[in-house]
Each structure stands twice: as C-alpha cells, then as structure tokens.
Amino acid sequence: MFDAYEIRKDFPILSKLIEGKRNTYLDTAASAQKPCSVINRMVKAYEEEYANVHRGSYWLSDTATANYENARKLVQTFINASKKEEIIFTRGATEGINLMASSWGNKNIGSGDEILISKAEHHANLVPWQQLALKKGACLKYFDLGEDGDFILDNFIKALSDKTKIVAVSAMSNVLGTIFDVKKVVSEAHKVGAKVLIDACQFAVHKKIDVIDMNADFLVFSGHKLYGPTGVGVLYGKYDLLCETPPYQFGGDMIEHVYYDRTTFTLPPARFEAGTPAIVQAIGLGEAIEYLMKFDFCEIEEYENMLIKYTTDRLLEIDNLKIIGNAKNKGGVFSFDIKGIHPQDLAFVLGKEGVGVRTGHFCAEPLVKELGYNSLTRASLGIYSVKEDIDVLIKTLQKAKLLLT
Ligand code: PMP
C-alpha cells in the first residue's frame, strides 16, 4: 500500500528544519530530493568501486564499467526499450535535445522543412529547434493548447503537414501540468512521415514510460528530476535511427579508428558518449530507478490524483488566486497568480516559512507572456508530498496575502 509518510523517511532532507521551519518542499518539478539509497550508492561507488570506465583491465575499472552498464540496463527496463544500446547517457534532457537538434537535425532538416512543437514547451525543447530552423531556413511551427491548457488533438493534426520532419513535445508541461496524448501524437506524426521526440522530463516522475507502447522515435529525461543525481540524463532512440545519426561531440570512447587525416566512429550508444561520462551519476540514476521500480506506478498515480484534487480545491479557497493550467488530464504542477501580489514577494514570504516554491516563467517565457503574465508562482508535487505540505502552503499563502496586500 502506497504510504507517502513512510516514503518521506527515505528522504533525509525532508526531516531537516529549514531556518527553524518544517521543510515544505514544493519544487520537485525543478529538481527532486534524493532518497538515502541513491546517496549511499554514490558514496559506495566513490569509496569502494571508482575508476574510469571502458578502459582499464583491473578490478576497479571492470567493476565501475559493470556498474555503469548495469545502470544503462536499468534505464532500458524502466522505459521498456528493446535493447540497452538504445540508451544514451547525457548530461540531462537539455543535452539530449541539443544532441538531436544538432546531429539528427543537421542531417535531416533542410530549407522549407517544418519542425512542430507545442506552445507549452520548456526552452530546452524550443530554443534548440528554433536555432536549427534559423540555421537551415526551416520553419518552426507551434500548435495551440486549449483554453484550460488541454492537449487538443485536432490542433495538433491541423498543424502537421507533409513538410513536418520532426515533432518535439513534452509528455507533461512543467508550467500547466498538462499531460499530452503522446501515443496519438506519435501515430499522427508517423502518418505524415515525421519523427517524434518526447520530452519526458516531468512525465517520467509521475507516470510509467513505455517507449514501445508510445512508439516514440526519441525520448529524453533528466536524472535529477527522477530522484537521482544532477549531471546525468537519458536520450532514448530507436536503434536504427541512432545508427543513422552522426556523432554530436568528438573525442575518446566514441571512435572506431583514428588516423591522422580521418576517423571512423563506433556504434551507439558509445558514439554519443564522447569523453569520460558521468560515471557515478549514472550509477546513482540506476539506483533511483531501482528505488522507483519498487512502487506500483498505478498506486503512485492514484495517490497523486487524490493530492492534485486536494491541492486544487485548497488553492481555490484563496481569494483572487487563479490556477494557470486546468487541463482535465494534468500532473502535480500548480502554476498560479494572486492578483496584486508579485510572485517574487510571495515566494520570499513562503521561503521564510520553509515553503519552497518556484517563481518566474519556468523556462517557458513565450507561453507565460502569451497567457498575460511576466511571472507566476509554481508549487509542484513529488512522491513524498503529503496533504500537510499543502496545508502549510495554504496557511502561508493566507499569511502572505495579509502582509502583502
Ligand atoms: N523539459 C521540461 C519539461 C522540463 O521541466 C525541464 C526542466 N525544468 C527540462 C526540459 C530541462 O531539463 P534539464 O534542465 O534537467 O536539462
């Protein structure tokens, strides 16, 4: 039985007082806290099993290599990829998308081609495509969401054309919380011959990923949002597509043979992992995945849906508070505005009470501006969030209102 209070005990930081106040951490969409098992696993890797990977033929290097490759295998199982060679370790989702835009994009996007994304993309899934379009004379097209932030299949289909070469969408918006119908996105995009990249940064934290069921061509996520360490992320790609994609960076480990005048490159995943990788971070991510795989994702979803409803109802008790993003299918992200109060002032008062929220445009500046704001406040939930976090948030928001209006 899913018990968030029991889960909280696995996360040491949650029981630490923050400037003397209860740690009410509501910023998991920005980065999640880490369970003991991940922290301890990384300490063990450094204390007992550390050396560079793929190079040595001594116990420490062999062990580090086995652990690093085992992490790849764990990611493969976690997202149900066909083989572990489809898993590329990156620095994070941002690097995965940049890799795709510059390598795959450089080869496959030409003048007049169309790249299709939603209006709710994180800058990480917008700027690389925008820059590619500018460089190639291609067109970056956007499709609209509904008024409440819902994914509208018709809007998406209307924006597709036989010129669309790639569709890049987030499976869950970090601003609106909207869950996209990724399976439909993929099947419709494939009808016009476009490839699809899924940004699963937020989605991976809340829902089960199955790349075979989604039929996604490429998918990215970051370790640090998935209760793992910073500095590591994943790019998944169908193997044949990865094999057709040129390297992104050049250097050690990604070569087959180097001559003074030319180089031949090795196969994926090594082709895309030039240089010494984030060894211990990847091992930590593997441990985070092992931690998560102990849970039944249906139970996580059921619990989160209860907490989403509770949070929505409680936020709406506050006068002049508007939730931005009310899609029918949404995850635990609550961006909101309180009329007459600047988000920065609000976050300052909340912070003094131990409540961690985020303010700004959440790396989705065009969307937030189009919605009529320069800045919003965002509270977001994780596996360890409980009703008490929301109660503290609401009480502190009420207090902040008295102070700031
Ligand atoms: N996409 C989405 C939807 C995100 O929420 C984020 C992080 N806020 C990113 C991409 C970029 O992730 P990272 O900074 O870990 O590379």
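For the structure, see preceding data.
Residues numbered from 1 in each chain as written. Predicted model: local features only at pLDDT ≥ 70, side-chain atom pairs only at ≥ 80, totals over all residues. Heavy atoms only, no water.

A. Focus on the sheet that holds strand β4 (residues 139–143). Pairing within the open sheet is mixed, and its seven strands lie in the order β2-β8-β7-β6-β5-β3-β4. In this open sheet, the two edge strands, each paired with only one partner strand, are β2 (87–90) and β4. Averaged over all adjacent pairs, the angle separating strand axes in this sheet is 20°, with direction ignored. Sheet topology note: the strand β3 (residues 114–118)/β4 ladder contains five bridges and is parallel. Along β4, the bridge assignment pairs Ser118 with Phe143. The strands that helix α3 (residues 59–79) touches are β2, β7 (218–222) and β8 (233–237); relative to β2, the one it contacts most, it runs at about 115°. (Pairing = 2+ DSSP bridges. Helix = DSSP H or I, 4+ residues; strand = E, 2+ residues; numbered from the N terminus. Axes fitted to C-alpha atoms, helices over the stretch in contact; angles between N-to-C directions. Contact = heavy atoms within 4.5 Å.)

B. Representation of the sheet that holds strand β11 (residues 321–324). Taken together, the four strands give an open sheet; going across it, the order is β11-β12-β15-β14, and neighbouring strands pair in antiparallel fashion. Strands at the two margins of the open sheet, each flanked by one partner only, are β11 and β14 (358–360). Here the average twist between neighbouring strands, direction ignored, is 30°. Taken together, the four bridges between β11 and strand β12 (residues 333–338) define a ladder with antiparallel strand orientation. Paired with Ile323 across the bridge in β12 is Phe336. On top of the sheet, helix α12 (residues 297–315) reaches β11 and β12; it is set at about 5° to β12, its chief contact.

Note that all results are geometric; they support no functional claim without further evidence.
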